[in-house]
Amino acid sequence: MTRPIGRYLPLLVIWLPLLINAAHVVGFTAWTTWLSFTPSDLLPEYDWAGLRSYRGVLRTENTEVAYINLLIYSVGFVGLTTVVGFVLAVLIDQRIRAENLFRTIYLYPLAVSFVVTGTAWSWLFNPGLGIQKFVRTLGWSDFRFDWITDRDFALYTIVFAAVWHGAGFAMALFLAGLRSIDPDLAKAAQIDGAGPVRYYLRIAAPGIAPIAISVLVILLQFAIKTFDLVRAMTGGGPGIATMLPAVVVYDFMFQRGQLGRGSAAAVLLLLSLLVVLLPYYAYAQWRARRDRAAND
Amino acid sequence: MIDVMRPGRWLLYAVLAAFAVFFLLPLAVVILNSFRTAQEIARSSVIGWPATLAWQNWVQAWSGYCIAQRCEGIQPYMVNSFLLVIPATLLSTALGAVAGYSVSLWRFRGDNVLFAIVVMGVFLPEQMKLIPWALVLRDLGLSNTITALVLIHTVQGISFTTLFCRNYFLGIPQDLMKAARVDGAGYFRTFWRIVLPLSPPILIVTVIWQFTGIWNEFLYGVTFTTGEQQPVTAALIAISTTPATDLVEYGIQSAAVLLAALPTLLVYFFGGRYFMRGLTAGAIK
């Protein structure tokens, strides 16, 4: 009797953490998905209610605003972060002095939490406290910069803070990519008389395309999950002007106490994530197969 | 690697410096404000040089300022965050190292499927896990405890740490493993004698990333703990959403923000090299 236990115990110790992790990934996803099809309100119930919660979520104005915002926010944040990151990487790639110093400065926001990032930027954007007030005290007394309290512009202040947080990350990955380009290619380009602009657009950019795609996907999934930054900067306001899907989920679950609708909103969030991740997965598989074929 | 416009190098440095100012601005503002009195900030703006050094802000922020009706400063919440981040980082890293070793070097039937599920955990939004965790924590009797957050971050963290370690261990030459097996070394002996001595670089990277991620995490902290059990990120939100009285104590709040940001900033400045390595290892693989 002791033999099988003796044999399986180490196996169990080895695999238990992985099994628990896998069980929580699959189990919790299934659990929340199930709850989204129940009439759960303040407490979880397990009767079937079909798509009722989904209809409830989709009929709410919050949801509509949140997904339109997500679209604007994603384009703004991912676009700007990628561009700024690429520009910084190219600048740093010019055999500059104090490269380490500049890199450290550009990347440190990544070590700072979104809560701290959002708090600091919300002060700077606060018209009665930050940049507007500062410029006014300098003498330009009718200067206006009140985006954060303006329904039409508040979202862009969050885009701005998010770019500040993420640009260094994009830079680091692009720089690693630029440095991995065959130096002979650069020399050949130089001999051919290609200027720096042609070099970066014609040779470097295609060379780091796979990294660029990774950067885009990682940033996009950050955008879809954005929650802390909104909580710290605007709390979703003014009104519901800066609602994002992840905030909507929290709002349903814990502010309104509607577990069924909260779960439905969470499933919708997961689905929008899959819209990004599944094509990326397919692309990664395709590339791996192509590389294997090239090696054979 | 091609030089942009030799004569225009001053322009290059001007642009680099302009970006540096942009990235440093919020940090500089918060540091300067942490030495300015609330009156001074109210009179001018958050952008300005301290007239006198208000050291008192730091004392207040650390142990006197009222956060959610509790006037003990940010210190108890910092302690909570440390009580959370240290065990969760060490546990998730240790478990991930063993798991990464198992997945990469001891193949078995179905390991690909198991590993794929574990990696999915990296991308799964926390929102999908909030209600299940709340119910599980209630059944375990862990509601509103720091232990609960340790448990959550350990279980969830295994996804990251296993992925990091596995990618690194794949680079260990198979010959080394074979030699160990010929010598009769089993699973654990091979781990101790061969894999672990090669692992410090990846273990440092993993520890740094787990520490930063868990210290900065907000959603679980604010959802599963209240009052004096909250980690520092949740306490910061409580500070800045405290109903505004006549005079908001931005000086003290700035000091509190800096204190909350300090641990991960220190880790970044002293472990920057490993921070970068983790970034590229995690993203490019």
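The rules behind each value
Residues numbered from 1 in each chain as written. Chains lettered and ligands numbered in written order. Predicted model: local features only at pLDDT ≥ 70, side-chain atom pairs only at ≥ 80, totals over all residues. Helix = DSSP H or I, 4+ residues; strand = E, 2+ residues; numbered from the N terminus. Rg over C-alpha atoms; globule rule 2.2 N^0.38 Å. Buried ≥ 20, exposed ≤ 12 C-beta atoms within 10 Å, placed from the backbone. Contact = placed C-beta atoms within 7 Å. Axes fitted to C-alpha atoms, helices over the stretch in contact; angles between N-to-C directions. Parallel < 35°, antiparallel > 145°, perpendicular 65-115°, else oblique. Left-handed = near helix turned anticlockwise from the far one by under 90°. Nonpolar A, V, L, I, M, F, W, Y, C, P; charged D, E, K, R; others polar. pLDDT = per-residue confidence, 0-100. Core = buried A, V, L, I, M, F, W, Y, C linked by C-beta atoms within 7 Å. Domains from an automatic or database assignment.

Observations concerning the overall build of chain A
- For chain A, the helix and strand inventory stands at 13 helices and 0 strands.
- Listing every helix and strand of chain A by position from the N terminus yields α-α-α-α-α-α-α-α-α-α-α-α-α.
- Its C-alpha atoms give chain A a radius of gyration of 24 Å, more than 25% over the compact-globule value 19 Å for 296 residues.
- With the C-alpha coordinates aligned to their principal axes, the bounding extent of chain A is approximately 70 × 70 × 35 Å.
- A burial count over chain A gives 45% of its 296 residues as buried.
- Across chain A, the fraction of contacts at a sequence separation of at least 24, relative to all contacts at a separation of at least 6, is 69%.

Quick notes on the packing of helix 4 (residues 75-105) of chain B against helix 10 (residues 200-216) of chain B
All names here are of chain B.
- Put simply, helix 4 and helix 10 touch, their axes get as near as 9 Å, and they point 140° apart. Relative to helix 10, helix 4 is oriented oblique. Taken as a pair, helix 4 and helix 10 cross one another with a handedness that is right-handed. Within the contact between the two elements, helix 4 uses Ser81, Leu84, Val85, Ala88, Thr89, Ser92, Thr93, Gly96 and Ala97 and helix 10 uses Leu203, Thr206, Val207, Gln210, Phe211, Ile214 and Trp215.
- Grouping the amino acids of the contact of helix 4 with helix 10 by side-chain chemistry returns 9 nonpolar, 7 polar and no charged.

Comments concerning the interface of chain B and chain A
- Counting from both sides, the interface comprises 65 residues of chain B and, opposite them, 74 residues of chain A.
- A per-element tally of the side of chain B that touches chain A places helix 1 (residues 9-33) of chain B first, with 10 residues.

Overview of the confidence of the model for chain B
Residue and element names in this part refer to chain B.
- Confidence along chain B averages 88 in pLDDT terms, with 94% of residues attaining 70 or more.
- The secondary structure element of chain B with the lowest average pLDDT is helix 14 (residues 272-284), at 70, and the one with the highest is helix 6 (residues 130-140), at 96.
- Quick note on the complex model: pTM equals 0.92, ipTM equals 0.91.

Some points on the nonpolar core
- Within the largest apolar cluster, 166 residues are counted, with the highest numbers of intra-cluster contacts made by Phe174 of chain A together with Leu236 and Ala256 of chain B.
- When residues of this core are sorted by domain, at least three fall in each of domain 1 (6-60) and domain 2 (75-284) of chain B.
- What Ala256 of chain B contacts, discounting residues up to four positions off in sequence, is Ala61, Tyr65, Ile74, Leu236 and Ile239 of chain B.

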